[in-house]
Every structure is written in structure tokens, then in C-alpha cells.
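# Inside the fold
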Amino acid sequence: MSVAEIFESMEWGPAPESHAEADAWLDAQNRVFGHYIDGARRDAGQTFATTNPATGATLAEVTQGTEADVAEAVAAARRAAPGWAATADHDRARILYAIARGLQKHARLLAVLETLDTGKPIREARDIDVALAARHFYHHAGHAELRGETLPGAEPWGVCGQIVPWNFPLLMLAWKVAPALAMGNTVVLKPAEWTPLTALAFADICDGAGVPAGVVNIVTGDGATGAALAGAEIDKLAFTGSTEVGRILRRETAGRGIGLTLELGGKSPYVVFEDADIDGAIEGLVDAIWFNGGQVCCAGARLLVQEGIAVDFTARLKDRMGRIRVGDPLDKSVDMGALVHAEHKARIEALLARTSGRVHRGTVPEGCFLPPTLVTDLHGADPLMQEEVFGPVLAMTTFRTPAEAVQLANDTAYGLAGSVWSQDIDVALDTAPKIRAGVVWVNGANMLDAAAPFGGMKESGFGREGGVAGLQAYLRPVRGPKLVAPVRFEAASGPADVVDRTAKMYVGGKQARPDGGYTRAVAGPQGVVGEVGIANRKDLRNAGEAANAAKGWSGSTGHLRAQILYYLAENLAARAAEFDARLAAQTGGDRQAEAAVRHLFRWAAWADKHDGRTLGTPLSGMTLALNRPVGTIVAFAAEEAPLLGLAQIVGAALSTGNRLVLIAPETAPLTATDLYQVLDTSDVPAGVVNILTGDHAELAAQAAGHMDVDAVWSFSSADISATIEREAAADLKRTWVNHGHGRDWDAADARPWLENGTEVQTIWIPFGT
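From a predicted model like this one, the values you see are computed outputs, not experimental measurements. (Residues numbered from 1 in each chain as written. Predicted model: local features only at pLDDT ≥ 70, side-chain atom pairs only at ≥ 80, totals over all residues. Heavy atoms only, no water.)

## Observations regarding the overall build of the protein
Within the protein one finds 26 helices and 30 strands. In summary, the protein has a C-alpha radius of gyration of 28 Å against a globular reference of 27 Å for 769 residues, a match within 12%. By its C-alpha atoms, the protein is 100 × 65 × 45 Å across when sized along the principal axes. Looking at the protein residue by residue over its 769 residues, the buried ones come to 59%. Within the protein, residue pairs in contact and separated by at least 24 positions form 76% of the contacts whose partners lie at least 6 positions apart. Accessible surface, the protein as shown: approximately 29,000 Å² in total, 52% of it carbon and sulfur. (Helix = DSSP H or I, 4+ residues; strand = E, 2+ residues; numbered from the N terminus. Rg over C-alpha atoms; globule rule 2.2 N^0.38 Å. Buried < 20%, exposed > 50% of the residue type's maximum accessible area, 1.4 Å probe, protein only. Contact = heavy atoms within 4.5 Å. Areas by Shrake-Rupley, 256 points an atom, 1.4 Å probe, with all protein chains shown as cover.)

Written as C-alpha cells, this is what we have:
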């Protein structure tokens, strides 16, 4: 075959990578592995086989971790935690730097091990997985060095349990271990059952880098081992995996007061406009969906093509699919290797069997392989458009207008990533932020870096990994003193007024009677001072609908929000004496109006100051981290600071662009119902703030389980934190609860409010020629 013919056909012979070095490492361990605990490899216990999915051959026997094994690892991490947290920032940085150097030094061994264990092509393991893993440790070595300067007073959580998936075993390890160590935490890591080898090899790198005993511990096993780790006496849990397991972990950790971050599934849209570079978009699509055989949480699995180019795009895509090489993962000329396991292959084939669309696919070798697959003629409810396949399956549909593209892109429970392709910069940059996903690429796909936050919205989980935002998951928030039960005054009789002065609730900018028609008296130290309605689930539903109808607030400018908050503060100041008198009548407490006004002024100032970041990623272009409003927040107000707490909650929620359903403090509900008179005169749009009165314990589960609510905050004295966290698992909404602890309501501590009021959206914008 001539050179010209080779360039025409793009065919060439095999270029196999030797696995001799990996075999030598495995043989040196007798191909049997115990756990790595307290700085030493342990003898193997009951074992299971890890196999090469491309050949079916057994690679090694790995220990099945028990509850006792997990407890031993956690105890080792607990012993090491104080010393590691007290280690000087510079000394921790030196160790992370040494780990990065170790990863580079053993890059070839790690890449081959990863390929043997996962079935992914060697060039992906070598050029992406190992390289990015080293990058994460280098980057976080810098964060460790600067911790005292950039995060003064920050405290590590302590012992972190970390569970990583099988699709990027080494890279996900780096994503979690690097920031945990950088911030002074110790780690118990459980690699995936099917792919434990590079984590076990990482133990050697830790030894070589001088990681103190107990700082990093590795326990292998299946889902039972992961469950034991999630239930152990850890301080923080980080999980990457399926949304189904994420829900289970949210329920099982509810009420324990531990940190939790979940990086879960995705069904990412890949939006191609008519003016896109079609060939460039198709090459990007190859990377978006067939990289790692589609076994990528952020894979561009939903192709949305504008109608005008759909026929041409599909024809070119099918031609390109026909030239993707599938075969031996150790062959450097192969584009797609094997799927990770026969069980996973069977699951994908079962999903394909359920589709109503037209399936286009080629042929592949015998074994655990699937070809690049395209499914067309799909409706929006088809399983392939809604469910995560986690394989080389691309679901395609079309759209007509940019608005329809955004609607289709967001028509999923997931919100991990997305791609937008257009040569019109106005179209691209108008569309990208409208996709409700944690990461959006413009004219690109699967760009990742340690400096860029990665994580999901909606049911793709919460928390971020990478960059400054990713550090927050490994720092313990300040916890106040234990709350004491609020003083409750008994009402001997109803109000003496002849005229009914029952305070109504406030929904959609209007006063509203409770749906159930029930009311209760509000008593203070001098007797009954008023009456309020008792909200039920229908009232909560109505308030949520009103808040969602006010979505324009979340798209408003910070300047506009600031002006309205300033106006709100001025109007509250004009009635300060009245609010203080009303508060004293209900609680006998001190004056709070002046401090509440000050807080509203502060949040007005913050409205256009919570800036995003331009990230230092290795990109010819720009990577932005934008702070996006969470959406509709239900907040249970505090009893210990009724007016001051309301000001903080309303100010923080509105400043960051959220809509609010405020559940009034039970002991001083009239303070909240009086507030709507101030809202009415302050140009706050209808539905942006809604106020309900009722029993916190009764409303907690309903609020957390409400599918149209995006987050629940609780500062209540009622014991509702566990209920909220458990019920929030249904759609994995964001929660911020107090676990029975108070806070300093007079403090100007903006950071926790800003973090809980926004989610980071990372947008990648490559440019240049």
C-alpha cells in the first residue's frame, strides 16, 4: 500500500503496547492484594478476581473488604488526622508535589495497568488519565502551600471516606485525594470492585512520596464495602457514581452531620446549530460520546441538531462512525477498546432493546465490545433520551430555534454537562449559560482541568471537584453552639378584638388564607397578640408555583437586585420601632430591627459583588466559573433571632438571585407576616418572596420532597435536619441544615450564604485559529 493510499484509507497495522512492566509489578505482588492501611500492605483476606475485560483473563486476586477492615482503616485515619492537620502548609505541599512526581515517574506502568483493568485504549490512559492525575496533585500542592494565605482559619473535616467509580479509577482518585490531603484531611479510599489495580499501585507512590502512615488508606471490595465505609465513623463522604446509589447515600447519611458531596450521572446535550463547523462538530462528538467507549458521566449522549443541517450532519456522522477502530485496548492505533465488564455490556444492550428509534451501528470483535452506535427518530420520552446509558450510544433528535434547543437540552433530570456548537459567538454565548448544567463547553467537549470546577446540578449531584470551589468540600463549616428550646407562651384565650385580625400568608405577591382554614393564636409574655394561619402541603405547593413563576428574578442583574434590597432596607428602617415592638410582644426579646436593616444593606452591597472567576486552565481561550442562583429555596426561619434571621435569609437569597418560600419562626410568626407589608412597598416582584406560617416539623418533609423546590435551608429549633436531608434524596435537591446548632446572626459571614445560594457553572470558551 502506498503512502497516498494510507492517507486516503487511514488504515495502518497494529502498534501494541507491551504489558511486560505491568506483569512484572503484578508478579512481584504474587498477583494477590490485601488492603493498604496505616502505611502498610496487609495480608489478603477473602478475595475476588479482577479481570481484563478485553480478554477475560484474570489479572489478580483482590481482597473483599469487611466492616472490620473498614473500621481498621478509619481508625488509622483518625489517629493520623491531628498530626496531618497540624503539618505546616509547606510540608504538606512538598508531599503532594512528590506524589505528582511519582505519578509521572511511573506513568507507563499506571497507564498499562489502567488499560488492562478497564479496557480503555492505552492512548487515553496514557495521554489523559495519568497526565491529568499528576496535574491534580501539582495543582493541589499549590493550594496546600497557600492555604494559610487564601483560606485563613480554614479547618479540615478530618477523616474523609471516598468512593470512586470504575470508568476513571486513577483520575477520580486524584480528584478526591489531592484536595483532601491539601486541606489537611486524612483519607479512606474505596476503589471500584471491577478496577482496583491503579489505586493499589498508588499506595507505592504514597510510600515513595513520604505520606505519613494512616493519612491515605485503601480498602478494596464491592458495594458492601462501600456501604460499610459510608456507615463508618467518618467526617465527610465523597462519592462518584450512579444517581441511584447517590440517593441511597443521601438517605443513609441524613442527620449525621457529616459532609457529603455527590458527583453522579448525566445525560449531557450536544447542541449543534446550523452555522457550526460541521466537520469540527463531528470530531468533537467523537470525543464527547465515544471517548472511553461512552463510559463517561459527562458524555455528550444526546445529540440535538438544528433541522437545516440534520440530513447532511447525519450522513457525515455515519461516515465518521464507520472509520472508528474498535479492538485491542493495548493497540495504540485503536480508538475504542472493550467495555469494562460483561454485566455492563448486557445492561447497555437491554436499554437498546427498549428504544423506539432507528439504530445504526457497525461490527466489532467478539467479546466485551460494542461498536459506536447512533439512534435516530427519537421522541423526548424515549429511554435513550432520558436514561443514562453509560456506553457508546448516541441518541439524536432535531430542533428549530435556539429557544427550543435550550428547552430540549434542559429536558432531563440530569445537569452535569453540555456542549454548544456555533460559529456565531452571540448564539453560542447566549445559549451556553442557559443550559442548566455544571459544565458547558463551547465548540468543544470533555475539556477537564484541575483548576476548573467540575460537578452537577439537579440530579447530577452537588458539590464541586477541582479549583477553589472544590476545596470547600474538604473544609469544615463553622458550627455554632447547641440550640436551646425556644420559650413558648401559652394562649389562655383567643384575641379580644371584635374584628378578625388573623394575619394571612403571602403567596405570589398577594395575601392568602391557609388552604385548610385552620389558624392558631400567637401568645407572648403578656398574653395573646394575634392569630396566624396553619399552612399545609397545598399552601407549600402554591408558594412553590409562585416562586417558580418568578424565574425572571434569577436572570435579573445584580444592580437591579441591589436597588430593590436597598429600598427594602430603607422601608424596614422607617418601621423599625413598630417591628421591634411587635417582636417584643411575641417573645419579650431585645430589639433587632436596626441590625436587620444593616444586614439588608450588606446583602444589597453583595448583589453585584459575588463575582465569578477566570480560571488558569491550559486552554487557548477562556474558562469561566460563574455563580448561578440555586433557584427556589424553602427556608425555615430561626427562633433565636426572629427578625435578624429573616433579614439574613431574605437578603442572602435575593442577593444571589434566588426565589424564596419563607417558613416563619413559630414563636414569632407575626414578625414575618408584617414583613410582607414592607415587601409590597419595596418593588419586590410578585413570587420572589413568599411567606407561610405553620409547624416546621409538619412542613419539613413536604418541603424537602417537593419536586419544584431546588434547595431547603433550615435554621429551625425543631429537630428537622435529618428529615430534610432524607427526603431531599428523592431529587437530590441541595440542603443546608443546622443539625440542632445555632449561629451568630449578628455576624457578617457572607461565605456560607454565598456558597449555599449559588452553584458554580464552568464554561469553556476556546478561541484562536
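## Describing the pattern of salt bridges
One pass over the full model with this rule turns up 38 salt bridges. The partner of Arg250 in a salt bridge is Glu725, with the nearest N and O atoms 3.4 Å apart. In this pair, Arg250 is assigned in helix 10 (residues 243–253) and Glu725 in helix 25 (residues 721–727), connecting sequence segments 475 residues apart. A residue is classified by how much of its surface remains accessible, and Arg250, at 4% relative accessible area, is buried. Note on Glu725: relative accessible area 6%, which makes it buried. (Salt bridge = Lys/Arg side-chain N within 4 Å of Asp/Glu carboxyl O.)

## A look at unusual backbone geometry
Phi is positive for Phe390, which is not a glycine, with a value near 60°. Along the chain, Phe390 falls in the loop between helix 14 (383–386) and strand 15 (393–399). The phi dihedral of Asp683 falls on the positive side, at around 65°, and the residue is not glycine. Here Asp683 lies in the loop between helix 23 (669–680) and strand 27 (689–692). Accessibility expressed as a relative area gives 55% for Asp683, which makes it exposed.

## Some remarks on empty space enclosed by the protein
Tallying each qualifying case throughout the model produces seven cavities of 30 Å³ or more. The computed volume of the largest cavity comes to approximately 70 Å³. Ala299, Ala301, Glu388, Val389 and Phe390 are the residues nearest the centre of the largest cavity, which is lined by 13 residues in total. Here the residues of the lining of the largest cavity sort into eight nonpolar, three polar and two charged. In this structure, the second largest cavity encloses a volume near 60 Å³. Lining the second largest cavity are 16 residues, and of these Pro269, Thr412, Tyr414, Gly415 and Ala417 sit closest to its centre. (1 Å grid on protein atoms, 1.4 Å probe; cavity = no way out; pocket = protein on both sides within 12 Å on 5 of 7 lines; lining within 4 Å. Points joined across faces, edges and corners; volume = space filled by probe spheres on them. Nonpolar A, V, L, I, M, F, W, Y, C, P; charged D, E, K, R; others polar.)

## Re the sheet that holds strand 13 (residues 358–361)
Read across the sheet, 10 strands follow the order 13-14-15-12-11-16-17-30-24-23 without closing on themselves; strand pairing throughout is mixed. In this open sheet, the two strands that pair with only one neighbour each are strand 13 and strand 23 (613–614). Note that strand 23 and strand 24 (residues 621–629) share two bridges and pair antiparallel. Within strand 24, the position partnered with Thr614 by the bridge is Leu624. (Pairing = 2+ DSSP bridges.)

## Side note on the pairing of strand 24
With antiparallel pairing between neighbouring strands as the criterion, strand 23 and strand 24 make up a hairpin whose turn holds six residues. Of the pairings in the sheet, the one linking strand 24 to strand 30 (residues 758–766) comprises nine bridges and is antiparallel in character. Following the sheet pairing, Asn627 is matched in strand 30 by Val760.

## What about the sheet that holds strand 1 (residues 32–33)?
Here three strands make up an open sheet; going across it, the order is 1-5-4 and the pairing mixed. Here the strands that pair on one side only, and so sit at the sheet edges, are strand 1 and strand 4 (47–51). Set on the sheet, helix 8 (residues 197–209) makes contact with strand 1, strand 4 and strand 5 (58–63); between it and strand 5 the angle comes to about 70°. (Axes fitted to C-alpha atoms, helices over the stretch in contact; angles between N-to-C directions.)

## A look at the packing of helix 20 (residues 576–587) against helix 23
Running from N to C, helix 20 and helix 23 point in directions that differ by 160°, and their axes come no closer than 9 Å. With respect to helix 23, the axis of helix 20 lies roughly antiparallel. The two elements helix 20 and helix 23 meet at a crossing, and its hand is right-handed. Contact residues: helix 20 offers Phe579, Arg582, Leu583 and Gln586, while helix 23 offers Pro669, Leu670, Thr671, Asp674, Leu675 and Val678. For the contact of helix 20 with helix 23, a count of residues per class yields six nonpolar, two polar and two charged. (Parallel < 35°, antiparallel > 145°, perpendicular 65-115°, else oblique. Left-handed = near helix turned anticlockwise from the far one by under 90°.)

## Thoughts on the environment of Ala15
One can find Ala15 in the loop between helix 1 (3–9) and helix 2 (20–28). Taking relative accessible area as the criterion, Ala15 reaches 29% and is therefore assigned partly exposed. Expressed as a C-alpha distance, the spacing of Ala15 and Ala535, which sit 520 residues apart in the sequence, is 70 Å. When sequence neighbours within four positions are dropped, the list of residues in contact with Ala15 reads Leu330, Asp331, Lys332 and Ser333.

## A word on the packing of aromatic side chains
Tallied over the entire structure, the rule returns 20 aromatic pairs. On the basis of an interplanar angle of 35° and a centroid distance of 5.7 Å, the ring pair of Phe168 and Phe291 is categorised as tilted. Taken together, the residues span a long stretch of sequence, with Phe168 in the loop between strand 6 (159–163) and helix 7 (169–182) and Phe291 in the loop between helix 11 (278–290) and strand 12 (302–306) at a distance of 123 residues. Ring geometry for Trp736 versus Trp753: centroids 4.9 Å apart, planes at 85°, classification edge-to-face. You can see Trp736 sitting in strand 29 (residues 734–737) and its partner Trp753 sitting in helix 26 (residues 750–757), a full 17 residues away along the chain. Both residues of the pair, Trp736 and Trp753, count as buried. (Phe/Tyr/Trp six-rings, centres within 6.5 Å; stacked < 30°, edge-to-face > 60°.)

Shape descriptors only; they carry no functional weight alone.
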